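Listed below, chain by chain, are the residues.
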Amino acid sequence: QGQVVESGGGLVQAGDSLRLSCTASGRTGFIYDDMGWFRQAPGKEREFVAGIGWRPGNTYYADSVKGRFTISRDDAANTVYLQMNSLKPEDSAVYYCAGGRPLDPRSTRGWDYWGQGTQVTVSS
């Protein structure tokens, strides 16, 4: 069984930056897994934010964060990052990390393991 733990969330002001981390342990097969970031705001469904394939150079983003967020991974550290710049109040949510080999990485379905989430709050 795989396990991931997110960290790096916090309370920031609009325009600030944060870097989230997601560290894997257990039987994740991390270096061979796709990894993704999702978020869920109060009263809304969980949505895709960013993903990265197990092969180098394969990244993809939701339109709402494209150009502001950057996903990366350090396989030696079993860690995936989400660099978030130019944060907006509408980015406020609990951010979740997921891993596995989903057929559609942009879907919330099909991932093998999920973290418990880290809170990001962006004030005006």
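A few points on the structure. (Residues numbered from 1 in each chain as written. Predicted model: local features only at pLDDT ≥ 70, side-chain atom pairs only at ≥ 80, totals over all residues. Heavy atoms only, no water.)

**Details of the overall build of the protein**
And then number 1: Within the protein, the secondary structure is distributed over 0 helices and 11 strands.
And then number 2: The C-alpha atoms of the protein give a radius of gyration of 13 Å, which matches the 14 Å a tight globule of 124 residues would have.
And then number 3: Within the span of the protein, comprising 124 residues, buried residues form 44% of the whole.
And then number 4: Once local pairs closer than 6 in sequence are excluded, the contacts in the protein between residues at least 24 apart make up 57%.
And then number 5: As presented, the protein carries roughly 6600 Å² of accessible surface, and 45% of it is formed by carbon and sulfur atoms.
And then number 6: Taken as two groups, the 13 positive and 13 negative side-chain charges of the protein have centres that lie 2 Å from each other. (Helix = DSSP H or I, 4+ residues; strand = E, 2+ residues; numbered from the N terminus. Rg over C-alpha atoms; globule rule 2.2 N^0.38 Å. Buried < 20%, exposed > 50% of the residue type's maximum accessible area, 1.4 Å probe, protein only. Contact = heavy atoms within 4.5 Å. Areas by Shrake-Rupley, 256 points an atom, 1.4 Å probe, with all protein chains shown as cover. Lys, Arg positive; Asp, Glu negative; His and termini not counted. Charge placed at Lys NZ, Arg CZ, Asp CG, Glu CD.)

**A look at the packing of aromatic side chains**
Note on aromatic pairs: each is described by the distance of the centres and the angle between the planes.
And then number 1: All chains considered together, the criterion is met by 5 aromatic pairs.
And then number 2: Ring centres 5.9 Å apart and planes at 20° place the aromatic pair Phe48 and Tyr60 in the stacked group. Of this pair, Phe48 sits in strand β5 (residues 47-52) while Tyr60 sits in strand β6 (residues 59-61), and the two are 12 residues apart along the sequence. Here Phe48 and Tyr60 have matching classes, each one buried.
And then number 3: One aromatic cluster in this structure is built from Phe38, Phe48, Tyr60, Trp111 and Trp114.
And then number 4: Just above the ring of Trp114 sits the side chain of Arg46; from NZ or CZ to the centre is 4.9 Å. (Phe/Tyr/Trp six-rings, centres within 6.5 Å; stacked < 30°, edge-to-face > 60°. Lys NZ or Arg CZ within 6 Å of the ring centre and 35° of its normal.)

**Notes on the sheet that holds strand β1 (residues 2-7)**
The strands making up a sheet associate through backbone hydrogen bonding, with each pair oriented either parallel or antiparallel.
And then number 1: The strand order β1-β3-β8-β7 describes an open sheet built from 4 strands, whose pairing is antiparallel. Across the chains shown, the open sheet's two edge strands, defined by having one partner strand only, are β1 and β7 (69-74). This sheet shows a mean twist of 20° between the axes of neighbouring strands, independent of strand direction.
And then number 2: With 6 bridges connecting them, β7 and strand β8 (residues 79-84) associate as antiparallel partners. (Pairing = 2+ DSSP bridges. Axes fitted to C-alpha atoms, helices over the stretch in contact; angles between N-to-C directions.)

**Let's talk about the pattern of salt bridges**
And then number 1: For the structure on display, the rule yields 5 salt bridges.
And then number 2: In this structure, the salt-bridge partner of Arg39 is Asp91, at a minimum N-O distance of 2.9 Å. Here Asp91 lies in the loop between β8 and β9 (93-100) and Arg39 lies in strand β4 (residues 34-40), a separation of 52 residues in the sequence. Take Arg39 and Asp91: they sit in the same class, and that class is buried.
And then number 3: One connected set of salt bridges, linked through shared partners, spans Arg39, Glu47, Arg68 and Asp91. (Salt bridge = Lys/Arg side-chain N within 4 Å of Asp/Glu carboxyl O.)

**Some points on the nonpolar core**
And then number 1: Of all hydrophobic cores here, the largest spans 32 residues; its most connected members are Met35, Trp37, Val80, Leu82, Met84 and Tyr95.
And then number 2: Every element with two or more residues in this core is listed here: β3 (18-26), β4, β5, β6, β7, β8, β9 and β11 (118-123).
And then number 3: The contacts of Leu82, once residues within four sequence positions are left out, are Leu18, Arg19, Leu20, Trp37, Val49, Ala50, Phe69, Thr70, Ile71 and Tyr95. (Core = buried A, V, L, I, M, F, W, Y, C linked by side-chain atoms within 4.5 Å.)

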